[in-house]
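Each chain, written out:
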Amino acid sequence: MASTVENKDPRRVLRGVLRRLVATYGPRPWKRWGGAVGVLVATILSQNTNKANSTAGYKQLWRRFRSWDALASADVDEIERCIRISGLSRQKAPRIQAIIRQIRSAHGRANLEFLADWSAGKAYDYLIAFDGVGPKTANCVLMFSFGMPVFPVDTHIHRIAIRLGLLDEACTAEQAHERLTPWIAPADRYAMHLLLIQLGRRVCSARNPRCDDCPLLDLCPTGQSRGSGGHGPPRGRRGRPRRWPSSTAGRAR
């Protein structure tokens, strides 16, 4: 009989998810991804596009301006040309410049490192007030620049949580942040975020998920409903049920 997460403690389910993903992809100890303004710009560029295109746009932007203060003073059309590969450049270019100008106007320079001294809640409220910054973008800045115990929910995580039965299909991205975050231990949120995204990119894709190759198959009612791969836990090379270690993920700072 297919197992599901219905009527189960979501915290326990997610601990099991994390153990399996660490066993499959390896631990993810926290590391700083860069300055807060850079992470903010990179995350805005990642909206509604893939990683390759957003990264290319960011690199072209940085090669051209070399500082965020220089970008604040630039012609917006020049910014738009640099990030065109990232998509929606006519929306993103003025938004990015407006945010950086607001930061510089309020604090004397285009720098957000002062957020390190703020609580996660206060810093989140500050970032979310900028046009074009939603829950995912704000939380990415707080997690990747400052190691704060937040949990950004991107499209991969949202999709996987719905397929696992942790969220219903009507759940919005903003609601997903509110529901998933307290179910994940603060020290595990960084690793969980990165590992779920890796699963989403490699296996649990939007259109053609490779359910037979998924380490979470026996936890996933959606995967089990798709056909032959849904009977019992994933198996090793000799056909024996795979045993998952009880190791924990790398700790967030």
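Residues numbered from 1 in each chain as written. Predicted model: local features only at pLDDT ≥ 70, side-chain atom pairs only at ≥ 80, totals over all residues. Heavy atoms only, no water.

1. Re the overall build of the chain
Then step 1. Along the chain, the regular secondary structure elements total twelve helices and zero strands.
Then step 2. Reading the chain from its N terminus to its C terminus gives the helix and strand order α-α-α-α-α-α-α-α-α-α-α-α.
Then step 3. Looking at the chain as a whole, 48% of its 253 residues qualify as buried.
Then step 4. Counting contacts in the chain only where the partners sit at least 6 residues apart, residues at least 24 apart contribute 64% of the total. (Helix = DSSP H or I, 4+ residues; strand = E, 2+ residues; numbered from the N terminus. Buried < 20%, exposed > 50% of the residue type's maximum accessible area, 1.4 Å probe, protein only. Contact = heavy atoms within 4.5 Å.)

2. Notes on the pattern of salt bridges
Then step 1. All told, the structure shown has eight salt bridges when counted by the stated rule.
Then step 2. For Asp-9, the salt bridge is made with Arg-11, and the minimal N-O distance between the two is 3.9 Å.
Then step 3. For Arg-179, the salt bridge goes to Asp-168, with nearest N and O atoms at 3.7 Å. With Arg-179 in helix H10 (residues 173-180) and Asp-168 in the loop between helix H9 (155-163) and H10, this pair connects stretches of sequence that are eleven residues apart.
Then step 4. Residue Asp-168 is classed as partly exposed on the basis of its relative accessible area of 42%. (Salt bridge = Lys/Arg side-chain N within 4 Å of Asp/Glu carboxyl O.)

3. Comments concerning the packing of aromatic side chains
Then step 1. One pass over the structure, following the stated rule, counts nine aromatic pairs.
Then step 2. For the pair Tyr-58 and Trp-68, a centre-to-centre distance of 6.0 Å together with 55° between the ring planes defines the contact as tilted. Residue Tyr-58 is located in helix H3 (residues 51-65), and its partner Trp-68 is located in helix H4 (residues 68-72); the two are separated by ten residues in the primary sequence.
Then step 3. Centroid distance Trp-62 to Trp-68: 5.0 Å. Interplanar angle 50°. Geometry classified as tilted.
Then step 4. Residue classification places Trp-62 among the partly exposed residues on the basis of a relative accessible area of 28%.
Then step 5. Cluster of aromatic residues (ring-pair linked, three or more members): Trp-30, Trp-33, Phe-144 and Tyr-190.
Then step 6. In this arrangement the basic side chain of Lys-122 is found over the ring face of Trp-118, its NZ or CZ atom lying 4.3 Å from the centre. (Phe/Tyr/Trp six-rings, centres within 6.5 Å; stacked < 30°, edge-to-face > 60°. Lys NZ or Arg CZ within 6 Å of the ring centre and 35° of its normal.)

4. Quick word on the nonpolar core
Nonpolar side chains tend to gather and get buried jointly when the protein is soluble and globular.
Then step 1. Residues Leu-61, Ile-100, Leu-112 and Leu-127 are the most contacted members of the largest nonpolar core, which totals 42 residues.
Then step 2. In this view, Leu-112 contacts Ala-36, Val-37, Leu-40, Ile-103, Tyr-126, Leu-127 and Phe-146; residues no more than four positions away in its chain are not counted. (Core = buried A, V, L, I, M, F, W, Y, C linked by side-chain atoms within 4.5 Å.)

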